[in-house]
Amino acid sequence: MSERQYHIQVAPGEVGRYVILPGDPGRAEKIAAYFDDPREIAFNREYRTFTGTVDGITISVTSTGIGCPSTAIALEELIHVGADTFIRVGTAGSLQERVDLGDLAISTGAVRDEGTTRQYIPLEYPAVAHPEIVGALRRAAENLDYPHHLGITHCKDSFYSEEEGYSAQPEVNSQRWKTWMRGDVIATSMEEAALFVVGSLRRVRAGSVLAVIGRTWAGEPVIHGVGPEKAIETAIEAFRILERERR
């Protein structure tokens, strides 16, 4: 496809093959500050895109907004203009006591507890991160000496329903959270299922690294500013690793 994309307002040639996907448009600007000579390409709705270079590698960042519907749109349209390797950089709540505030959660797959991917393919189809991205993220976190955990993450549509008093079915929700915890799901977020399912269906590489900003397992509120920079730096280092392996 050659035309400018309807939602993200980006055209072929304006983004690199490597793209970082935060949710927040404001975080897209912060990520772009890590690039050499970043330039803003487009800002439409929740989708804000910058492109620059890191060590001569062209890297872009596009914000996706919150949740799977807008994430799927961003991914589809970025693929249309030539991108093929994606790392989501975001935040998450811990579902395991060993996964502490400020740690990184590198997702190997996601619980499809959302609705978007069901419109792509039945629930029996797994939401799995690309193994090359997982491996690169793990090596990047090791290179940077950042505490990290690999494992399945949980993906949901509703943010507040996990908190007491917001849901009309608290007993059901409480039991489901216990199920994910017993299943060693390491963290909960809102975008990974769409990223992994669409990525697999479109035959591109997609992965995710999340900064843990809350102890969801303990019912505690989120704490801002306890690790997003680590996730950003880990994603950029992972792209360096992937580019070296490609040469």
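For the structure, see preceding data.
S.K.: In this structure, what is going on with the packing of aromatic side chains? I would like to understand it.
M.R.: Where two aromatic rings form a pair, the distance of their centres and the angle of their planes describe that pair. Using the criterion set out here, one finds two aromatic pairs in the structure. With a centroid separation of 5.0 Å and an interplanar angle of 45 degrees, the aromatic rings of Tyr18 and Phe239 are classed as tilted. Here the residue Tyr18 occupies a position in strand β1 (residues 18–21), and Phe239 occupies one in helix α6 (residues 228–246), the gap between them amounting to 221 residues. In this structure Phe239 comes out as buried when scored by relative accessible area, which is 0%. Across from the ring centre of Tyr18, 5.6 Å away, lies the NZ or CZ of Arg17, which sits over that ring.

S.K.: I would appreciate a short explanation of the side chain of Ser107 in the present structure.
M.R.: By the element assignment, Ser107 lies in strand β6 (residues 104–113). Classification of Ser107 by relative accessible area gives buried; the value is 1%. Within the structure, the side chain of Ser107 is placed 2.8 Å from the side chain of Thr153, a separation counted as a polar contact. When sequence neighbours within four positions are dropped, the list of residues in contact with Ser107 reads Ala129, Val134, Gly151, Thr153, Glu192, Phe196 and Ser208.

S.K.: Help me out: how do you make sense of the packing of helix α2 (residues 68–80) against helix α5 (residues 192–201) in this one?
M.R.: Helices that pack against each other are described as a pair by the angle of their axes relative to one another and the distance between those axes. For the pair α2 and α5, the least separation of the axes is 8 Å and the interaxial angle reads 35 degrees. Handedness of the crossing formed by α2 with α5: right-handed. Across the interface between the two elements, Cys68, Thr71, Ala72, Leu75 and Glu76 from α2 touch Ala193, Ala194, Leu195, Val198 and Gly199 from α5.

S.K.: Can you help me understand the pairing of strand β4 (residues 57–62) in this one?
M.R.: Within a regular strand, the side chains alternate between the two sheet faces. Of all six residues making up β4, five are buried, and the element is well covered by its neighbours. Pairing analysis gives three bridges linking β1 to β4, with the strands arranged parallel. Bridge pairing links Ile20 to Val61 in β4. Examined bridge by bridge, strand β3 (residues 47–54) and β4 share six bridges and lie antiparallel to one another. Bridge assignment links Phe50 to a residue of β4, and that residue is Val61. Between β3 and β4, which pair antiparallel one after the other, the connecting turn spans two residues, and Asp55 there sits at a positive phi close to 55 degrees.

S.K.: Looking at this structure, how should I read the pattern of salt bridges?
M.R.: Close approach of charged atoms lets side chains of opposite charge pair. By the definition in use, this model includes 16 salt bridges. The salt bridge involving Arg240 is made with Asp55; its shortest N-O contact spans 2.7 Å. Of the two residues, Arg240 sits in helix α6 while Asp55 sits in the loop between β3 and β4, which places them 185 residues apart along the sequence. The salt bridge partner of Asp184 is Arg98, with a shortest N-O separation of 2.9 Å. Taken as a pair, Asp184 in the loop between α4 (170–182) and β9 (187–189) and Arg98 in the loop between β5 (85–94) and β6 lie far apart in primary sequence, 86 residues in all. Through salt bridges with shared partners, a single network forms among Glu29, Glu40 and Arg48.

S.K.: Please explain helix α1 (residues 25–32) as it appears in this structure.
M.R.: Given 3.6 residues per turn, any residue in an α-helix points the same way as the ones three and four places further on. Here α1 has its buried residues at Pro25, Ala28, Ile31 and Ala32. Here the buried residues of α1 occupy an arc of 105 degrees about the axis, which is enough to place them on one side. Buried residues belonging to α1 abut β1, β2 (36–44), β3, β4 and α6.

Parameters and conventions
Residues numbered from 1 in each chain as written. Predicted model: local features only at pLDDT ≥ 70, side-chain atom pairs only at ≥ 80, totals over all residues. Heavy atoms only, no water. Phe/Tyr/Trp six-rings, centres within 6.5 Å; stacked < 30°, edge-to-face > 60°. Helix = DSSP H or I, 4+ residues; strand = E, 2+ residues; numbered from the N terminus. Buried < 20%, exposed > 50% of the residue type's maximum accessible area, 1.4 Å probe, protein only. Lys NZ or Arg CZ within 6 Å of the ring centre and 35° of its normal. Polar contact = N/O pair within 3.5 Å; in protein donor to acceptor, adjacent residues only side chain to side chain. Contact = heavy atoms within 4.5 Å. Axes fitted to C-alpha atoms, helices over the stretch in contact; angles between N-to-C directions. Left-handed = near helix turned anticlockwise from the far one by under 90°. Pairing = 2+ DSSP bridges. Salt bridge = Lys/Arg side-chain N within 4 Å of Asp/Glu carboxyl O. Arc of directions from axis to C-beta.

Keep in mind these values describe shape, not function.
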